[in-house]
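Listed below are the residues making up each chain.
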Amino acid sequence: PFLENVVKHPSFISGQFNTSFIDSTPELFLFPNRKDRGTKLLNYIGNVTVNGFPGIEKKSKPIFGEARTPSFDLSTAPPKGTKQILDEQGADGVIKWVKEQQGVLLTDTTFRDAHQSLLATRVRSHDMFGIAKESAQGMHNLFSYEMWGGATFDVAYRFLKENPWDRLIKMREMIPNVLFQMLFRGANAVGYKNYPDNVIKEFIQKSAEAGIDVFRIFDSLNWIKGMEVAIDATRQSGKIAEAALCYTGDILDDSRDKYTVQYYKDMAKELESAGAHILAIKDMAGLLKPEAAYRLVSELKSTVDIPIHLHTHDTSGNGVFTYAKAIEAGVDIVDTALGAMAGLTSQPSASSLSYALKGSNREVIGNIDAFEKISYYWEDVRKYYQDFESGMMSPHTEVYVHEMPGGQYSNLQQQAKAVGLGDRWEEVKEMYSRVNMLFGDVVKVTPSSKVVGDMALFMVQNNLDEVSVITRGKTIDFPDSVIEFFEGYIGQPYGGFPKELQKVILKDREPITVRPGELLEPVDFEAIKEMLFHKLDRPVTSQEVLAYTLYPKVFEEYSETDKNFGDVSVLDTPTFLYGLRLGEEIEVEIEVGKTLIIKLVSISEPTHDGNRIIYFELNGQPREISIQDMN
Ligand code: 3PY
Ligand code: ZN
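Computed from a predicted structure; not experimentally measured.

Draft legend 1. Quick peek at the sheet that holds strand β6 (residues 278-282). Around the barrel, 8 strands lie side by side as β1-β2-β3-β4-β5-β6-β7-β8; this closed barrel has parallel pairing. Sheet twist, expressed as the average angle between the axes of neighbouring strands with direction ignored, equals 30°. With 4 bridges joining them, β6 and strand β7 (residues 308-311) adopt parallel strand pairing. By the bridge assignment, A280 is partnered in β7 with H309.

What follows is the structure, encoded as structure tokens:
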């Protein structure tokens, strides 16, 4: 009650006191819930058992075995790694160390891009926590774990009903030895539109405090102006600014002369001058072919002094070949995923690359045996998410034609299904490449890739082609994202907008040509904090204020779920997605040392008003819950 009175005090709310301890010790502020946690979880489980999980066709819960977990000695602290270099010697110390390595350093993307690209970003924190300590032991000599940012931020709130900040903070505790890396979309932060500068700065500051060490910063149109605020904020926070050039087109194809080697060299030089500690080549779709990789990395190596970090997707099946050529040309770090989460739209496999380079003068720095053992865990866990698989079974060289980013493929496919275009997926992919050309051959990566995807879906749905878009365009309401793009609100594309199309799409609106951040009013975080405090009737962290700033509706819905069901992130994934089978009993650790035993006993037929009574046992005591049957 004392704390409750303090945090409701007007001076406290108005921010006259330093309240950073709320962010670092939120557990002090968990006031007794009005409804107990057990009952809330029973409500969630009852609901998902009866009504299913959004996006999963209703079926009986599959049988999954325990995920195999390697037996590392977890009683000793994990070996020191790159995180200690950063803490002891700063960003410049890390860069110096990277340059000294003869071998090839890896970033493991299993916790972020791999599942964003294979499983529609649906992997839950619970499954990451289940292998984090083992990963810290077995994969201690990675350059970094890419484990946050990109689409994982909003998907955590939107679909997984969990707090992405908690994921970061707990992972940091469990993996204290290796750098944590996030994907940051420049002026779009982890969203789909440009935000005011103070949002970008605040997001980087809070992410750095919560555990991020390396910010991979890109702009979805390769517009450097859209990256500068984020690069500066990263440097100010003492962390590592890894600025990315997004690779598109084909530097070895003379018929694609918009994005040339010279274009990339100029961009790399500018990024280095803008303060990048590391240069990333972000090949988000997997278009960088092996010979092109050799050429690009060689040219960039002679252009900049900072280390080069290559990211690709293995959609075409050529990923390891591309890496091998880039490594020959002197690339410093490459992105891989653990075998069971690698390949296809994800990154190439860490162990495949390690074996491929064994005996060469540049071997992978890492332990193949650990990669294999930890991968078994992911092989088992991946099965939980089978309903989010894209259905791609083998390499797709067609990516060289449609150019769709790996992280978009499974997500756009879900979006197509949701608007009833599931069986016209081939057409959507073809339209995607046509829209790219219609827009003037743009860089396609979030959010510009979403604009192209939205337009492709829209054109297929409305049976439009390039000609009818122009001739009938004046009477067509284009998707909001397309309008915002042509207004200049996600930045300026290289070479400018196609003028005629821009007029048709914008109608009477005037496009901007300056950086959107120069026009957007700063966000008043204190006002949002106060508003949320009253709305949620509890103290609000700066992290939650940021979540609301980026995604107000998603955050409100998440808060509503949290109020009704409590913290559902504690459930195992099969139960979270499918509920319980009749007679099944599970243990749920709701906090350290506090476990609930939940058993589903029976489910009644629907009553006259469509409710079913679910009979549970909670820690051996009978409990009844009434659930509306929505089927
Ligand atoms: C993202 O922005 O989420 C991406 O993965 C882009 O490649
Ligand atoms: Zn990627």
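Draft legend 2. Summary view of the nonpolar core. By size, the foremost hydrophobic cluster in this structure holds 188 residues, and its most contacted members are F153, F203, W378, F439, F478 and I598. For this core, the element with the most residues is helix α20 (residues 448-461), which contributes 8 residues. In this structure, F478 is in contact with M455, F458, V469, G473, I483, V504, I505 and K507, ignoring residues within four places of it in sequence. Within the second largest apolar cluster, 13 residues are counted, among which are L86, V94, F143 and I333.

Draft legend 3. How the structure looks around a positive patch on the surface. A grouping of K474, K499, K503 and K507 is seen on the molecular surface, where their side chains present a positively charged patch. In this structure, K507 sits in the loop between α23 (499-506) and α24 (516-519).

Draft legend 4. View of helix α19 (residues 425-438). For α19, spanning 14 residues, the distance from its first C-alpha to its last is 20 Å, which sits close to the expected 20 Å at 1.5 Å a residue. Looking at α19, one finds that the buried residues are W425, V428, K429, M431, Y432, S433, V435, N436 and L438. Taken together, the buried residues of α19 touch α17 (399-402), α18 (406-418), α20, α21 (466-471) and α23. One or two residues past the end of α19 sits G440, with phi positive at roughly 100°.

Draft legend 5. Quick peek at the site of ligand 1. The environment of ligand 1 is formed by R112, Q116, G150, A151, L183, R185, F218, K282, M284, V445 and T446. Contact between ligand 1 and R112: an oxygen atom at 3.0 Å from a side-chain N or O atom of the residue. Here an oxygen atom of ligand 1 sits 3.2 Å away from a polar atom, N or O, in the side chain of T446. When isolated, ligand 1 has an accessible area of 230 Å², and the protein chains bury 98% of it. Along the lines of polarity and charge, the residues of the shell around ligand 1 split into 5 nonpolar, 3 polar and 3 charged.

Draft legend 6. Representation of the coordination of the zinc ion (ligand 2). For the zinc ion (ligand 2), every protein donor is listed as D113 (OD), H311 (NE2) and H313 (NE2), and the spread of their distances is 2.0 to 2.1 Å. Mapped onto the sequence, the residues coordinating the zinc ion (ligand 2) show the spacing D-x197-H-x1-H. For H311, a relative accessible area of 0% translates into the label buried. Accessibility expressed as a relative area gives 2% for H313, which makes it buried.

Draft legend 7. Quick look at the packing of helix α7 (residues 125-138) against helix α9 (residues 164-174). Running from N to C, α7 and α9 point in directions that differ by 20°, and their axes come no closer than 9 Å. Taken together, the axes of α7 and α9 are roughly parallel relative to one another. α9 is crossed by α7, and the crossing has right-handed handedness. Here S125, M128, F129, A132, K133 and A136 of α7 come into contact with α9, specifically with D166, R167, K170, M171 and M174. Of the residues contributing to the contact of α7 with α9, the split by class is 6 nonpolar, 1 polar and 4 charged.

Draft legend 8. Looking closely at the confidence of the model for the protein chain. Per-residue pLDDT for the protein chain has a mean of 94; in total, 94% of the residues score no lower than 70. A low-confidence stretch, residues 1-5 (pLDDT under 50), is modelled with 4 contacts involving residues beyond four sequence positions or located in other chains. We note a pTM of 0.94 for the whole complex and an ipTM of 0.97 for its interfaces.

Draft legend 9. Here's a closer look at the packing of helix α10 (residues 197-210) against helix α26 (residues 542-550). Packing of α10 against α26 leaves a shortest axis separation of 11 Å and a crossing angle of 140°. Compared by their axis directions, α10 and α26 come out oblique. Note that α10 runs across α26; the crossing there is left-handed. Across the interface between the two elements, V199, E202, F203, K206 and A210 from α10 touch S542, Q543, L546, T549 and L550 from α26.

Draft legend 10. Focus on the pairing of β6. Most of β6 is tucked away: 5 of the 5 residues are buried. The alternating pattern of β6 places I278, A280 and K282 and L279 and I281 on opposite faces, both of which are buried. Pairing geometry for strand β5 (residues 240-246) and β6, over 5 bridges, is parallel. Looking at β6, one finds that C246 is bridged to K282.

Draft legend 11. Structural detail: the side chain of S220. As for its placement among the helices and strands, S220 is situated in the loop between β4 (214-217) and α11 (228-236). Not counting residues up to four positions away in its chain, the partners in contact with S220 are V443, V445, T446, P447, S448 and I490.

Draft legend 12. Broad picture of α20. Over its 14 residues, α20 runs 20 Å from end to end, which matches the ideal 20 Å to within 8%, given 1.5 Å per residue. Here α20 has its buried residues at S448, S449, V451, V452, G453, D454, M455, A456, L457, F458, M459 and V460. Of the residues trailing α20, N463 is marked for its positive phi of about 50°.

Draft legend 13. Highlighting the environment of E242. Within the element layout of this structure, E242 appears in strand β5. Of the residues examined, E242 reaches a relative accessible area of 0% and is grouped as buried. Placed 29 residues apart in sequence, E242 and L271 show a C-alpha to C-alpha distance of 9.3 Å. Apart from residues lying up to four places away in sequence, E242 is in contact with Q181, V214, F215, R216, I217, I278, A280 and H309. One polar contact links E242 to R216, side chain to side chain, over a distance of 2.6 Å. At 2.7 Å, the side chain of E242 forms a polar contact with the side chain of H309.

Cut-offs used in this document
Residues numbered from 1 in each chain as written. Chains lettered and ligands numbered in written order. Predicted model: local features only at pLDDT ≥ 70, side-chain atom pairs only at ≥ 80, totals over all residues. Heavy atoms only, no water. Pairing = 2+ DSSP bridges. Helix = DSSP H or I, 4+ residues; strand = E, 2+ residues; numbered from the N terminus. Axes fitted to C-alpha atoms, helices over the stretch in contact; angles between N-to-C directions. Core = buried A, V, L, I, M, F, W, Y, C linked by side-chain atoms within 4.5 Å. Buried < 20%, exposed > 50% of the residue type's maximum accessible area, 1.4 Å probe, protein only. Contact = heavy atoms within 4.5 Å. Patch = residues over 30% accessible without salt bridge, like charges linked within 9 Å, V, L, I, M, F, W, Y side chains within 5 Å. Areas by Shrake-Rupley, 256 points an atom, 1.4 Å probe, with all protein chains shown as cover. Salt bridge = Lys/Arg side-chain N within 4 Å of Asp/Glu carboxyl O. Lys, Arg positive; Asp, Glu negative; His and termini not counted. Charge placed at Lys NZ, Arg CZ, Asp CG, Glu CD. Expected span 1.5 Å × (residues − 1). Near = heavy atom within 4 Å. Polar contact = N/O pair within 3.5 Å; in protein donor to acceptor, adjacent residues only side chain to side chain. Nonpolar A, V, L, I, M, F, W, Y, C, P; charged D, E, K, R; others polar. Donors = N, O, S within 2.8 Å, 3.2 Å for Na, K, Ca; no water. Parallel < 35°, antiparallel > 145°, perpendicular 65-115°, else oblique. Left-handed = near helix turned anticlockwise from the far one by under 90°. pLDDT = per-residue confidence, 0-100.

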